[in-house]
Amino acid sequence: MKIYINGRLFAEKDAKISVFDHGLLYGDGVFEGIRTYNGRVFMLEEHLHRLYRSAKAITLNIPLEKDGMSKAVVRTCKANRTLNGYVRLVVTRGVGTLGLNPFVCSKPQVIIIAANIQLYPKKLYEDGLKLVTVGTLRNHTESVSPNIKSLNYLNNIMAKIEAINAGVMEAIMLNPQGFVAEATGDNIFVVKGDRLRTPPIWAGALEGITRNVVMGLAAEQGYDVREETLTRYDLYTADEVFLTGTAAEIIGVVEIDRRIVGKGAPGPVTRRLANAFRALARSTGVPIL
Ligand code: PMP
């Protein structure tokens, strides 16, 4: 595998970053996870917009324009022939001192890894996922905004630990007001009849790119799609619940807090949207070759 670091491609064993990088020392940096399907990078522009917004929010100056970054992603995919894969784009604060001060760090480091991902076993896409709501609350929006896709994922990891310790693979995180925010690495949707609901961004959800694509597809298909504050009651009484994310794509949820969701299998709306998503993903994006 060839790894991109600051404009150069390195063999995996030579791809190295300093132990003084604040990305490592403090989780100070931002990232994106991007998919390639059928030889194209899916929603590249949207991911880059979000990356640059995350960077701006933490006063991190990415040493490349968006256009250059786009070319760097395509170049790394090409070098690795990542035609159906997963790209991890990371920008760290760079090398600094052992103190927190980000302004004494040298230049930010740009890292691109083009690889593969299988977040959940294939069978779970047919059988559906079991979730629990957990005690770890999503960061307060004025603490670390959930819209900053930062390298500091401890909030989400703490929730994931609770889920795994409870015997399931994924957690639903509530916000400090008790409303549903999102899963640890995915957005959440609730279906009731022809209504589709997902928590608003202010409730502590990352503005997921898959989320936005799914909202668009659902609206096209005639569903009434809206952002709405959701409580656990809404999850427990839903016809269907599903998660969306770049790595997970669209996955049905069949159990929450040991309660059966809907009919206990991924429902027709979830399957219809997953099919529409797959069709779109296979036919759009920035060509790699
Ligand atoms: N929420 C969180 C916390 C995430 O890390 C992600 C990305 N894995 C998502 C939601 C889904 O966003 P996207 O569809 O852009 O991947």
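Everything numeric here is computed off the predicted structure, so don't read it as measured data.

1. Here we look at the pairing of strand E3 (residues 29–37)
1) Next: Of all nine residues making up E3, nine are buried, and the element is well covered by its neighbours.
2) Next: Both faces of E3 are covered, namely the face carrying Gly29, Phe31, Gly33, Arg35 and Tyr37 and the face carrying Val30, Glu32, Ile34 and Thr36.
3) Next: Relative to strand E5 (residues 85–92), E3 runs antiparallel, the two sharing eight bridges. Opposite Gly33, over in E5, you have Arg88 as the bridge partner.
4) Next: Note: E3 against strand E4 (residues 40–41), two bridges, orientation antiparallel. In the sheet register, Tyr37 faces E4, and the bridge partner there is Arg40.

2. Some thoughts on the packing of aromatic side chains
1) Next: Within this structure, the stated rule accounts for four aromatic pairs.
2) Next: For the pair Phe42 and Phe277, a centre-to-centre distance of 5.6 Å together with 90° between the ring planes defines the contact as edge-to-face. Within this pair, whereas Phe42 is found in the loop between E4 and helix H2 (44–57), its partner Phe277 is found in helix H8 (residues 268–283), the two being separated by 235 residues in sequence.
3) Next: Residue Phe42 is classed as buried on the basis of its relative accessible area of 6%.
4) Next: Judged by its relative accessible area of 3%, Phe277 is buried.
5) Next: Grouped by ring-pair contacts, the aromatic residues Tyr37, Phe42 and Phe277 constitute a single cluster.
6) Next: Cation over ring: Arg259 sits above Tyr236, and NZ or CZ is 3.8 Å from the ring centre.

3. A word on the pattern of salt bridges
1) Next: Applying the stated criterion across every chain, the model contains 15 salt bridges.
2) Next: We note a salt bridge from Lys123 to Asp127, for which the minimum N-O separation is 2.6 Å. With Lys123 and Asp127 both in helix H4 (residues 122–127) and four residues apart, the pair spans about one turn of that helix.
3) Next: When its relative accessible area of 56% is taken as the criterion, Lys123 is described as exposed.
4) Next: Glu227 is the partner of Arg211 in a salt bridge, and the nearest nitrogen-oxygen pair spans 2.5 Å. Separated by 16 residues along the polypeptide, Arg211 in helix H6 (residues 209–220) and Glu227 in strand E12 (residues 224–227) bring together distant segments of the chain.
5) Next: Exposure remark for Glu227: the relative accessible area of 39% places this residue in the partly exposed category.

4. Some details on the site of the ligand
1) Next: The local shell around the ligand holds 17 residues, among which Tyr153, Glu182, Ile209, Thr210 and Thr246 are the closest.
2) Next: Within the backbone of Ile209, one N or O atom sits 2.7 Å away from an oxygen atom of the ligand.
3) Next: A distance of 2.6 Å is found between an oxygen atom of the ligand and a side-chain nitrogen or oxygen belonging to Thr246.
4) Next: Expressed as a share of its isolated accessible area of 390 Å², the protein-covered part of the ligand is 93%.
5) Next: If you list the elements that add at least two residues to the shell around the ligand, you get H6 and strand E13 (240–245).
6) Next: In the shell around the ligand, the residues fall into three nonpolar, nine polar and five charged.

What counts and what doesn't
Counting of residues starts from 1 at the beginning of each chain's written sequence and follows it residue by residue. Local features in a predicted model are, by the rule used here, given only for residues with pLDDT of at least 70; side-chain atom pairs are given and counted only at 80 or more, and totals for whole chains, interfaces and linings are based on all residues. Hydrogen atoms and water are omitted, and side-chain values are computed over all heavy atoms in the structure. Remark: exposure states derive from per-residue accessible area (1.4 Å probe, protein chains only) relative to the maximum for the residue type, with buried under 20%, exposed over 50%, and partly exposed in between. To qualify as a helix, a DSSP run of H or I must reach at least 4 residues; to qualify as a strand, a run of E must reach at least 2; elements of each kind are numbered from the N terminus. DSSP-based pairing: two strands are paired if at least 2 bridges between them are found. Only Phe, Tyr and Trp rings are paired, with Trp represented by its six-membered ring, and only when their centres lie within 6.5 Å; those with planes under 30 degrees apart are stacked, over 60 edge-to-face, the remainder tilted. Geometrically, a lysine NZ or arginine CZ counts as sitting over a ring once it is within 6 Å of the ring centre and also within 35 degrees of the ring normal. Whenever a carboxyl oxygen of Asp or Glu lies within 4 Å of a side-chain nitrogen of Lys or Arg, that contact is scored as a salt bridge. Summary of the distance rule: residues count as near a molecule or strand when at least one heavy atom falls within 4 Å of that molecule or strand. We call two N or O atoms a polar contact when they sit within 3.5 Å, provided that within protein one can donate a hydrogen and the other can accept it, with sequence-adjacent residues counted only if both atoms are side-chain atoms. Residue-level accessible areas treat just the shown protein chains as cover; the underlying method is Shrake-Rupley with a 1.4 Å probe. By the convention adopted, Pro, Cys, Tyr, Trp, Phe, Met, Ile, Leu, Val and Ala count as nonpolar, Lys, Arg, Asp and Glu as charged, and the other residues, Gly among them, as polar.

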